[in-house]
Amino acid sequence: MKILCIGRNYAAHAAELGNDRPDKPMVFMKPGSAILPNNKPFYYPEFSKDIHYEVELVVKISKNGRHVEPAFAMDYVESIGLGLDLTARDLQQICKEKGHPWEIAKAFDNSAPLSADFHPPEAFADLNDIEFSLEKNGQEVQHGHSRNMIFPLTELICYTSQFFRMQKGDLLFTGTPEGVGALQVGDELVGYLYTKDGKKEMFRTRIK
Ligand code: ZN
């Protein structure tokens, strides 16, 4: 199992970090050891003083395949969940400045808190317009609509599968909307996904 992640997939988020709008999906990966199951606390690591939250729609991949054609891309969507792409922004800044790989800033242990529940495609009116949000300490800090993705799900699956074959059970983190920010010990993050049946709490992560 692998975790594919997309950076800068929402224009407003790319802008808030001072990054250009990419002309191709920006792909990176996290190892399976990055997953933090729902309701487990996140322990603030000593290697960073600036861990940021990024809430993201997460696609669970339904089957194996490579070089996926656009017409078949949605067949690879088994279900949709919600996760956090926790980022050590201070380390990431150093990696970017030096042109180094950024795994230590993005792929460290427990950097991917993940919802226990995943909802099938039928749970949503439109897979290209899924709404989701994040609350920090009871206040909404991020609110996303997947229609604002620079590269929609179809394109993410087609593009990434040219390089990395899709395997059943893989996870695809699809990028974060604007509103990212720093975490402190004591914070509580609650993620929500809006299905046809209404707003669902997907995860609740405490920072310790
Ligand atoms: Zn991200």
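Residues numbered from 1 in each chain as written. Predicted model: local features only at pLDDT ≥ 70, side-chain atom pairs only at ≥ 80, totals over all residues. Heavy atoms only, no water.

J.: Which residues make up the sheet that holds strand S7 (residues 87–88), and what values do they have?
T.: One open sheet holds the 3 strands; their spatial order is S7-S4-S12, and the pairing between them is antiparallel. Pairing within the sheet leaves two strands with one partner each, and these edge strands are S7 and strand S12 (181–182). Bridge count for strand S4 (residues 51–53) against S12 is 2 bridges, and the pairing is antiparallel. Among the inter-strand pairings, tyrosine 53 is bridged to a residue of S12, identified as glycine 181. (Pairing = 2+ DSSP bridges. Helix = DSSP H or I, 4+ residues; strand = E, 2+ residues; numbered from the N terminus.)

J.: How would you sum up the packing of aromatic side chains? Please name residues and give values.
T.: Scanning the entire structure with this criterion turns up 5 aromatic pairs. Look at phenylalanine 163 and phenylalanine 164: their rings are 6.4 Å apart centre to centre, the planes differ by 45 degrees, and that puts the pair in the tilted class. For phenylalanine 164, a relative accessible area of 29% corresponds to the partly exposed category. Ring pairs connect the aromatic residues Tyr159, Phe163 and Phe164, which therefore count as one cluster. Note that lysine 63 overlies the ring of tyrosine 76, its terminal NZ or CZ placed 4.8 Å from the centroid. The ring of tryptophan 102 has lysine 106 sitting right over it, with the charged end atom 5.9 Å from the ring centre. (Phe/Tyr/Trp six-rings, centres within 6.5 Å; stacked < 30°, edge-to-face > 60°. Buried < 20%, exposed > 50% of the residue type's maximum accessible area, 1.4 Å probe, protein only. Lys NZ or Arg CZ within 6 Å of the ring centre and 35° of its normal.)

J.: Describe empty space enclosed by the protein, with residues and values.
T.: Inspection of the entire model under this criterion finds 1 cavity of 30 Å³ or more. Of the volumes computed, that of the largest cavity is approximately 130 Å³. Gly7, Arg8, His13, Glu54 and Lys106 are the residues nearest the centre of the largest cavity, which is lined by 20 residues in total. Mapped onto the lining of the largest cavity, the elements with two or more residues apiece are strand S1 (3–7), strand S2 (26–30) and helix H2 (89–98). Here the lining of the largest cavity takes 3 residues from H2, the largest share from any one element. A breakdown of the residues in the lining of the largest cavity according to their chemical character gives 6 nonpolar, 7 polar and 7 charged. (1 Å grid on protein atoms, 1.4 Å probe; cavity = no way out; pocket = protein on both sides within 12 Å on 5 of 7 lines; lining within 4 Å. Points joined across faces, edges and corners; volume = space filled by probe spheres on them. Nonpolar A, V, L, I, M, F, W, Y, C, P; charged D, E, K, R; others polar.)

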